[in-house]
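What follows is each chain in one-letter form.
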Amino acid sequence: MGLISLFIAFVSFTAVARVSTQQRTDNESPVSTEAVQCNCETRIWTCPQPLADECAHGLVPDTNDPCACCKVCGNGEMSYCDLQTIKSQIIPGRYFPYQHTYGVCGEGLTCKTNFDVNPGSQPESVCFCDDDEMVCGTNGKTYDNICHLREKNIATKSKVITEASRGRCPGAPKVVTPPKSRTNSTGERIVLHCEIVSFPDPTIEWRKEGVDSCLPGDNMRFTVHTSGGPDKFEHTTFLQIIELEEEDEGFYHCVATNKFGDDMAGARVNVRQKRT
């Protein structure tokens with residue numbers, strides 16, 4: 001009987017030790033962060049929660065809140081962001097957060113990673129607007145996208161601006177890249193370049209100061225080429241003069257016109273005598 005009693009006692013001790021070890025393993029945190037007791041019904045009253053009308057892109061979970069109860073303003077376009085939303089390991093009644101740094105993107109934006117970085121640098125994740133089409137606001141101004149319009153509302157704290165229509169607002173043309181003055185010798189070539197933004201499409205002309213008619217006229221040495229682009233609602237035009245003569249010297253203007261108005265910009269062509 002003595003041997004049987006000893007065997008039973010050994011088995012009982014081994015079972016107790018195994019249970020004790022399992023309890024210690026279960027109680028260890030899966031990450032180094034201290035466990036937090038979460039109850040959003042009571043915790044939310046301690047959150048420094050902003051008002052929804054103070055956030056251009058709505059309210060999102062605060063990734064620095066271990067319980068994900070608190071809300072903060074969503075990150076705007078081109079702001080750094082955490083690529084993934086809050087991840088966690090759950091043990092009943094406790095929450096163990098992973099490390100987050102920048103927060104999450106707001107409504108209508110997506111966090112994307114740019115891997116085109118210098119060797120040795122870490123890829124960066126930033127927020128991009130889901131809808132990148134231009135919009136015309138009710139204030140008559142054009143915005144790159146709906147996200148920019150929302151940010152303008154918060155920045156100015158003025159009367160709420162909404163989307164009036166898709167695309168650029170109708171208006172007078174605007175020269176965005178004026179021609180630059182050029183110098184060359186007689187017999188050589190000069191090219192002037194001008195870019196205009198306009199909706200609706202403009203009529204574009206080149207004119208030389210002091211001359212009534214537009215170019216090229218009947219002068220075969222002058223060539224004008226106009227095309228759309230490089231961006232939407234942009235127009236690019238070139239004036240080329242070949243076999244320069246001294247009489248070509250002067251100011252040349254790029255003129256754009258539509259039913260809402262016009263705009264113009266000029267540059268000087270300087271012609272020097274070619275050395276023989």
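Only a predicted model underlies this, so the values are computations on that prediction, with no experimental measurement involved.

## Overview of the nonpolar core
And step 1. By size, the foremost hydrophobic cluster in this structure holds 18 residues, and its most contacted members are Leu-192, Ile-196, Trp-206, Leu-239 and Tyr-252.
And step 2. Here the element with the most residues in this core is strand β13 (residues 190-199); it accounts for four residues.
And step 3. Grouped together as the second largest cluster of nonpolar side chains are twelve residues, Cys-105, Cys-129, Ile-146 and Leu-149 included.

## Topic: the pairing of strand β18 (residues 261-272)
And step 1. Summarising the sheet, strand β12 (residues 182-185) and β18 pair through four bridges and their orientation is parallel. Considered in β18, the bridge of Arg-182 is made with Val-269.
And step 2. With nine bridges connecting them, strand β17 (residues 250-258) and β18 associate as antiparallel partners. Its bridge partner lying in β18, Val-255 is registered against Met-264.
And step 3. The turn linking β17 back onto β18 is made up of two residues.

## Considerations on the state of the cysteines
And step 1. Counted according to the given criterion, the structure contains six disulfides.
And step 2. Covalently, Cys-81 is tied to Cys-111 through a disulfide, its sulfur atoms 2.0 Å apart. Linking Cys-81 and Cys-111, the disulfide has an S-S dihedral of approximately 90° and is accordingly described as right-handed. Here Cys-81 is found in the loop between β3 (71-73) and β4 (88-91), whereas its partner Cys-111 is found in strand β6 (residues 109-114), with 30 residues between them in sequence. Like Cys-111, Cys-81 is buried.

## Considering the packing of aromatic side chains
And step 1. Under the defined criterion, the tally for this structure stands at three aromatic pairs.
And step 2. Between the aromatic rings of Tyr-80 and Tyr-102, the centroid separation amounts to 5.3 Å while the plane-to-plane angle is 35°, which identifies the pairing as tilted. Of this pair, Tyr-80 sits in the loop between β3 and β4 while Tyr-102 sits in the loop between β5 (94-97) and β6, placing them 22 residues apart in sequence.
And step 3. Classification of Tyr-80 by relative accessible area gives partly exposed; the value is 40%.

## A closer look at the environment of Gly-108
And step 1. Along the chain, Gly-108 turns up in the loop between β5 and β6.
And step 2. By relative accessible area, which is 27% here, Gly-108 ends up partly exposed.
And step 3. With 23 residues separating them in the primary sequence, Gly-108 and Asp-131 have C-alpha atoms 7.5 Å apart.
And step 4. Not counting chain neighbours up to four residues away, the residues in contact with Gly-108 comprise Phe-128, Cys-129, Asp-130, Cys-147 and Arg-150.

## Here we look at the environment of Cys-105
And step 1. As for its placement among the helices and strands, Cys-105 is situated in the loop between β5 and β6.
And step 2. Residue Cys-105 is classed as buried on the basis of its relative accessible area of 12%.
And step 3. Separated by 24 residues in the primary sequence, Cys-105 and Cys-81 have C-alpha atoms spaced 6.4 Å apart.
And step 4. Those residues within four positions of Cys-105 in sequence are excluded, and the remaining contacts are Val-60, Gly-74, Asn-75, Cys-81, Thr-110, Cys-111 and Cys-127.

## Some words on the pairing of strand β16 (residues 234-241)
And step 1. In terms of residue burial, β16 counts as a mostly covered element, since six of its eight residues are buried.
And step 2. Where β13 meets β16, eight bridges bridge the pair, whose relative direction is antiparallel. By the bridge assignment, His-193 is partnered in β16 with Phe-238.
And step 3. With antiparallel pairing between neighbouring strands as the criterion, strand β15 (residues 222-228) and β16 make up a hairpin whose turn holds five residues, including Gly-229 at a positive phi of roughly 100°.

## Here's the deal with the pattern of salt bridges
And step 1. This structure, assessed with the given rule, holds eight salt bridges.
And step 2. Glu-188 is the salt-bridge partner of Lys-274, the closest N and O atoms lying 3.1 Å from each other. Remark: Glu-188 occurs in the loop between β12 and β13 and Lys-274 occurs in the segment after β18; sequence separation between them is 86 residues.
And step 3. Given the relative accessible area of 42%, Lys-274 is considered partly exposed.
And step 4. Relative accessible area serves as the criterion here: at 31%, Glu-188 is assigned to the partly exposed category.
And step 5. Of the charged contacts, one joins Arg-221 and Glu-245 as a salt bridge, the two residues approaching to 3.4 Å between their closest N and O atoms. With Arg-221 in the loop between β14 (203-208) and β15 and Glu-245 in the loop between β16 and β17, this residue pair connects regions lying 24 residues apart in the sequence.
And step 6. The class of Arg-221 is buried, set by a relative accessible area of 10%.

The rules behind the values
Residues numbered from 1 in each chain as written. Predicted model: local features only at pLDDT ≥ 70, side-chain atom pairs only at ≥ 80, totals over all residues. Heavy atoms only, no water. Core = buried A, V, L, I, M, F, W, Y, C linked by side-chain atoms within 4.5 Å. Buried < 20%, exposed > 50% of the residue type's maximum accessible area, 1.4 Å probe, protein only. Helix = DSSP H or I, 4+ residues; strand = E, 2+ residues; numbered from the N terminus. Pairing = 2+ DSSP bridges. Disulfide = S-S within 2.5 Å. Phe/Tyr/Trp six-rings, centres within 6.5 Å; stacked < 30°, edge-to-face > 60°. Contact = heavy atoms within 4.5 Å. Salt bridge = Lys/Arg side-chain N within 4 Å of Asp/Glu carboxyl O.

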